[in-house]
Amino acid sequence: MTLLTCAIAAIAVTIIWYLSEKRKEMYLGTLALMYWGASLMWLVDAIFEYAELHEEYFTPAIEDMINDTYLGLSVVALGLCIWLVILFVKDPRGVVRKALSRKA
Amino acid sequence: MACFLIPAAEAVITTIVKHTVAKKEASALPAEITADESRLRFSDKLGWLNNMLWGGSALLAFEHVWHGEVVPWFPFLTNAASPGTAAEMLHEMATAGVSMAVLVTLVWLGMVGVSHIIENRTAANIKSENKT
């Protein structure tokens, strides 16, 4: 489920990257590549687990599935948080700088 | 267990390589830059690999924290506490960890190959347009 959740996030962000005019400004490529990197790594993890468990891999216990879904969603949220930090630090539109200078 | 450490180690190396390549590209002659305007710089392409490796390692590290395999106290990896589990952990790093780094790198090489083909086509189109 973690692999599936992360792969869906990677596909969704890639589609947004493709459609968006502001892909470079918004660092959408960075977010998409982060999710793709994690998905590839979990794919390897899944292959090793499948080699160990065989058909049992596809019939996980409900408790494990729920835990993995929560983990997957948390991973997606963490990815978004990392992306937001990158966006705010690079601040391509100068929004953060403007907000801070108004306060000062 | 600690498989994410191998892609993270690769990410450190590729980040250093990226900065070195970017410095070399910045100091290149202006004529060389204008001739290659339609192409992406190699340091940009290395950035793709960096993003995949750093992002993937960070998200996998979170998974290990979730499962209690990474802790905020020494030795930070719960499996490193005893020799038996440490050997198991090292085995997993050598198999799953290395496979992760290899797969991500292979996918990146595929991306670089595809981008190279697209860049060549674009350059050929520009040349044919200029001729006509």
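Residues numbered from 1 in each chain as written. Chains lettered and ligands numbered in written order. Predicted model: local features only at pLDDT ≥ 70, side-chain atom pairs only at ≥ 80, totals over all residues. Heavy atoms only, no water.

Draft legend 1. Structural context of the side chain of A:Thr2. Residues and elements named next belong to chain A. Its place among the elements puts Thr2 in helix α1 (residues 2–19). Looking at Thr2, the relative accessible area reads 7%, which means it is buried. Those residues in contact with Thr2 that lie beyond four places of it in its chain are Trp42, Asp68, Leu71 and Gly72. (Helix = DSSP H or I, 4+ residues; strand = E, 2+ residues; numbered from the N terminus. Buried < 20%, exposed > 50% of the residue type's maximum accessible area, 1.4 Å probe, protein only. Contact = heavy atoms within 4.5 Å.)

Draft legend 2. Molecular detail of the packing of helix α2 (residues 28–53) of chain A against helix α3 (residues 62–90) of chain A. Residue and element names in this part refer to chain A. Relative to each other, α2 and α3 sit at 145 degrees, their axes nearing to 10 Å. Read as a crossing pair, α2 and α3 show a hand that is right-handed. Residue-level inspection shows Leu28, Thr30, Leu31, Met34, Tyr35 and Trp42 of α2 in contact with α3, the latter providing Val75, Val76, Gly79, Leu80, Ile82, Trp83 and Ile86. (Axes fitted to C-alpha atoms, helices over the stretch in contact; angles between N-to-C directions. Left-handed = near helix turned anticlockwise from the far one by under 90°.)

Draft legend 3. Geometry of the packing of aromatic side chains. Tallying each qualifying case throughout the model produces six aromatic pairs over all chains. Judged by centre distance (5.2 Å) and plane angle (85 degrees), the ring pair of A:Tyr57 and A:Phe58 falls under edge-to-face. Looking at A:Phe58, the relative accessible area reads 59%, which means it is exposed. Each ring, one from B:Phe74 and one from B:Phe76, has its centre 6.1 Å from the other, and the planes form 80 degrees; the classification is edge-to-face. Under the relative-accessibility criterion, B:Phe74 is labelled exposed at 70%. Sitting above the plane of the A:Trp17 ring, A:Arg23 keeps its charged end 5.5 Å from the centroid. (Phe/Tyr/Trp six-rings, centres within 6.5 Å; stacked < 30°, edge-to-face > 60°. Lys NZ or Arg CZ within 6 Å of the ring centre and 35° of its normal.)

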